[in-house]
Amino acid sequence: MGPLDGMLMGIKDNFCTSTLPTTCGSVMLKGFTSPYDATVVKLLEASGAILIGKTNMDEFGMGSANVYSDSGVVQHPFTYRRVAGGSSGGSAAAVGMKMCTAALGSDTGGSVRLPASYCGVVGFKPSYGRCSRNGLVAYANSLDTVGILSGTVKQASVVYDAISKHDPKDPSSMPDKLRSKLDESDSILRSQWTKGNLKGLVVGIPQEYYVDPMSDDVVDVWRSGIQFLKEQGATIQSISLPHTHLALPAYYIIALAEASSNLARYDGVRFEKDKHTDVSKKVSGDMMLYADTRAEGFGAEVQRRILLGTHVLTAGTFDTLFLPAQKARRLIQADFDQVFYQHNALYESSVEQEGQESTKVHVILTPSAISSAPRMTDVLERHESSNDVKAVDAYMNDVMTVPASLAGLPAITVPFGKSAVDGYPIGLQLMAQYGHDGFLLSIANSLA
Ligand code: GLN
């Protein structure tokens, strides 16, 4: 008997599976079946999970509404009038419709937490390096994490326990020594609080997350989440994470730069070479093979991102865009380090974390999204207008989720309420210090 015996699970279509195709929602990989299984897929099967199928996604993980897929759009589990969110929209909708108990997603900048909020399910992004990315098709290596969607926090915890293992096949996988050290301090933290009794727990509310485009119904749910934790004895602390405004631009520079480099491998030679391009008719040289394959194999959003990503890596903009984005990333990480009680385990303990003791917190509570699930018609209209400015507007949906991604922190969406305007679900996001995944899950359970 394994810990996941009989649990029905969906797998996002960017995890390699040897028995089912892996398309990443892209024409480029149509019909591609990997010769091997991703490490996390193997771990799930070894734990007794029953994998029922692959789930739809935004092409190569790029999007926040799951309308950018060669397999079609993903509808919200309650209505075809709303989107499910992306890029792990298929996984969130499948869990929301109870087609499976849990599903794997991937989270580079919020792709698990955002659709979870829209669909009223739990979406957990573990700390960077906790779960192996071997066999997860890369979007942006320094940000990509495996994610879990499920109906409850407890289900997310059991799946997480089954897949959070060191993997020598993933160079960014957290070593066992650090795991044991973190798990030790985590179990001390966890033993201090139980559901209903959060006395002594300090919850940070960052002022900077109260952004202009956030709708009032989301603010109301955020307030009731704060009240709910207060009633269980938690202390609520207003905090400042002053570089939060840099997170969205920094994310869309770093993620796209890495994506443009990752996607260079789809050149028409290595993957499904002759499938998308009639080589005999079109090729007048290697560059044409490359250009034709990519023009036909990638959708408009992926092409837009490759162009942007390539641009920020060119000599002319490297110093003015790419390097400042990396600096901003460091400042965002430092903001978090200054507010958490827990030391960041990635640094030597001799490195002092500044910040006043009186404003330190154990966890941070914010919304996961600025609104409930957007209307399908609005999203499609923007998508079909082929207006770049409108398409880029959609990046705003990630404003709540990208800071934790840039800092590599564990973060989870817990469904908390419904919109007073349209009745659709709204989720809240809890974040904790790097590596304190188990602790975060136990506090998330108190919010459920
Ligand atoms: N919406 C974000 C993007 O398009 C996040 C995607 C993700 O986490 N895979 O980049």
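Keep in mind it's a predicted model, so treat the numbers as computed, not measured. (Residues numbered from 1 in each chain as written. Predicted model: local features only at pLDDT ≥ 70, side-chain atom pairs only at ≥ 80, totals over all residues.)

### Concerning the UniProt feature "active site" (unreviewed entry) in the protein
Then, in step 1: UniProt records the feature "active site" (unreviewed entry) for K12, S87 and S111 in the present numbering. Across 100 residues of sequence, these annotated residues stay compact in space, with a maximum C-alpha separation of 11.0 Å.
Then, in step 2: Along the chain, K12 falls in strand β1 (residues 8–12).
Then, in step 3: Using a count of 31 C-beta atoms within 10 Å as the deciding quantity, one classes K12 as buried. (UniProt positions renumbered as here; feature names shortened; annotations may be inferred. Helix = DSSP H or I, 4+ residues; strand = E, 2+ residues; numbered from the N terminus. Buried ≥ 20, exposed ≤ 12 C-beta atoms within 10 Å, placed from the backbone.)

### Topic: the nonpolar core
Then, in step 1: Counting 127 residues, the largest nonpolar core has M9, V40, L44, A102, L149, V363 and L430 as the members making the most contacts within it.
Then, in step 2: Take this core: its biggest share by element is 11 residues, from helix α7 (residues 247–262).
Then, in step 3: For V40, the contacting residues outside a window of four places in its chain are F15, L104, C131, S132, V146 and I163. (Core = buried A, V, L, I, M, F, W, Y, C linked by C-beta atoms within 7 Å. Contact = placed C-beta atoms within 7 Å.)

### A closer look at the pairing of strand β5 (residues 145–150)
Then, in step 1: With 6 of its 6 residues buried, β5 lies for the most part within the structure.
Then, in step 2: Burial of the side chains of β5 extends over both faces: T145, G147 and L149 are buried on one face and V146, I148 and S150 on the other.
Then, in step 3: Pairing analysis gives 6 bridges linking strand β3 (residues 102–107) to β5, with the strands arranged antiparallel. Bridge pairing links L104 to I148 in β5. (Pairing = 2+ DSSP bridges.)

### Re the pairing of strand β2 (residues 50–55)
Then, in step 1: Relative to β2, β1 runs parallel, the two sharing 5 bridges. Residue pairing for β2: L8 is matched across the bridge by I50.
Then, in step 2: Once the chain exits β1 it traverses helix α1 (residues 39–46) before rejoining the sheet at β2, and the crossover so formed is right-handed. (Right-handed = clockwise from strand over helix to strand, strands pointing away.)

### Quick notes on the site of the ligand
Then, in step 1: Close to the ligand lie 14 residues; G61, S64, T108, G109 and S111 are nearest.
Then, in step 2: For the shell around the ligand, the class distribution of residues is 3 nonpolar, 9 polar and 2 charged. (Near = placed C-beta within 6 Å. Nonpolar A, V, L, I, M, F, W, Y, C, P; charged D, E, K, R; others polar.)

### A closer look at the environment of L308
Then, in step 1: When you line up the elements, L308 lands in helix α10 (residues 300–313).
Then, in step 2: Among the residues examined, L308 registers 20 C-beta atoms within 10 Å and is labelled buried.
Then, in step 3: With 28 residues separating them in the primary sequence, L308 and F336 have C-alpha atoms 28 Å apart.

### A look at the sheet that holds β5
Then, in step 1: Pairing within the open sheet is mixed, and its 10 strands lie in the order β2-β1-β3-β5-β4-β9-β10-β8-β6-β7. Lying at the two open borders of the sheet, with one neighbouring strand each, are β2 and β7 (235–239). Put simply, the sheet's adjacent strands are angled 30 degrees from each other on average, direction ignored.
Then, in step 2: Judged from the 3 bridges that link them, strand β4 (residues 122–125) and strand β9 (residues 411–418) form a sheet pairing that is antiparallel. Opposite F124, over in β9, you have I412 as the bridge partner. (Axes fitted to C-alpha atoms, helices over the stretch in contact; angles between N-to-C directions.)

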